[in-house]
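# Working through the structure, step by step
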Amino acid sequence: MNDLQQLYQEVIIDHNKCPRNFYVMEHAHCQADGYNPLCGDQLTVYLHLKDDIISELSFVGKGCAISVASASIMTDYLRGKTIQEAENIFEEFHQGIISDNPASMAGLGKLAILQGVHNYPSRIKCATLAWHALKAALTHQSMPVSTE
Ligand code: ZN
């Protein structure tokens with residue numbers, strides 16, 4: 001196992017054990033459910049907006065370590081970003097995670113650690129579930145999203 005893979009494992013374990021921003025947000029402006037039937041991951045993402053800035057993000061749910069860790073890292077990373085920035089980051093993150101190039105997420109700070117999921121293709125849907133839910137929430141869809 002190289003250093004990056006080891007760091008990946010450690011970050012996933014840490015965020016899964018102590019997820020950040022893990023609570024139901026009573027005053028959310030929008031929220032969306034995400035469901036990944038392949039793995040059984042089920043998350044709800046909540047957003048509080050101040051003008052076009054995401055001032056608060058949280059999530060609840062249950063799922064595998066990767067889905068929970070990815071949601072935890074996402075809610076930390078996107079706080080304070082604008083909706084447009086969040087959408088751009090989602091695109092970059094999604095492209096990066098399906099890419100063969102480990103440097104493809106170099107501009108994404110600690111999100112880049114999730115590029116390690118690339119080594120486990122069946123887990124890519126786990127890693128992107130919270131992001132799909134976020135996107136659904138931002139587009140004000142109240143319909144649950146599925147990765148299928
Ligand atoms: Zn999963």
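Below or above, wherever it landed, is the structure these notes cover. Because the structure is predicted, anything quoted here is derived from the model rather than measured. (Residues numbered from 1 in each chain as written. Predicted model: local features only at pLDDT ≥ 70, side-chain atom pairs only at ≥ 80, totals over all residues. Heavy atoms only, no water.)

For the rest of this paragraph, the subject is the pattern of salt bridges. Counted under the stated rule, the structure contains 3 salt bridges. The closest approach of N and O atoms between aspartate 14 and arginine 20, which form a salt bridge, is 2.7 Å. Under the relative-accessibility criterion, aspartate 14 is labelled partly exposed at 34%. Salt-bridge contacts for lysine 110 lead to aspartate 76; the nearest nitrogen and oxygen are separated by 3.4 Å. Here aspartate 76 lies in helix H2 (residues 65-78) and lysine 110 lies in the loop between helix H3 (83-98) and helix H4 (124-138), a separation of 34 residues in the sequence. Note on lysine 110: relative accessible area 42%, which makes it partly exposed. Note on aspartate 76: relative accessible area 27%, which makes it partly exposed. (Salt bridge = Lys/Arg side-chain N within 4 Å of Asp/Glu carboxyl O. Buried < 20%, exposed > 50% of the residue type's maximum accessible area, 1.4 Å probe, protein only. Helix = DSSP H or I, 4+ residues; strand = E, 2+ residues; numbered from the N terminus.)

Among the 10 residues in strand S2 (residues 41-50), 7 count as buried, and that is most of the element. Sheet topology note: the strand S1 (residues 30-36)/S2 ladder contains 7 bridges and is antiparallel. The residue of S2 that forms the bridge with tyrosine 35 is glutamine 42. Once S1 ends, the chain turns through 4 residues before running back antiparallel as S2, passing glycine 40 with a positive phi of about 90 degrees. Alignment of S2 against strand S3 (residues 53-62), held across 9 bridges, turns out to be antiparallel. In the strand pairing of S3, leucine 43 is matched with glycine 61. Once S2 ends, the chain turns through 2 residues before running back antiparallel as S3, passing aspartate 51 with a positive phi of about 55 degrees. (Pairing = 2+ DSSP bridges.)

Any two packed helices are characterised by the angle at which their axes cross and by the distance between the axes. Where H2 contacts H4, the axes come no closer than 7 Å and their chain directions differ by 45 degrees. The angle between the axes of H2 and H4 places the two elements in the oblique class. Between H2 and H4 lies a crossing of right-handed hand. Across from Ile66, Ser67, Ser70, Ala71, Met74 and Leu78 in H2, the residues of H4 making contact are Cys126, Ala127, Ala130, Trp131 and Leu134. By residue class, the composition of the contact of H2 with H4 is 9 nonpolar, 2 polar and no charged. (Axes fitted to C-alpha atoms, helices over the stretch in contact; angles between N-to-C directions. Parallel < 35°, antiparallel > 145°, perpendicular 65-115°, else oblique. Left-handed = near helix turned anticlockwise from the far one by under 90°. Contact = heavy atoms within 4.5 Å. Nonpolar A, V, L, I, M, F, W, Y, C, P; charged D, E, K, R; others polar.)

Keep in mind these values describe shape, not function.
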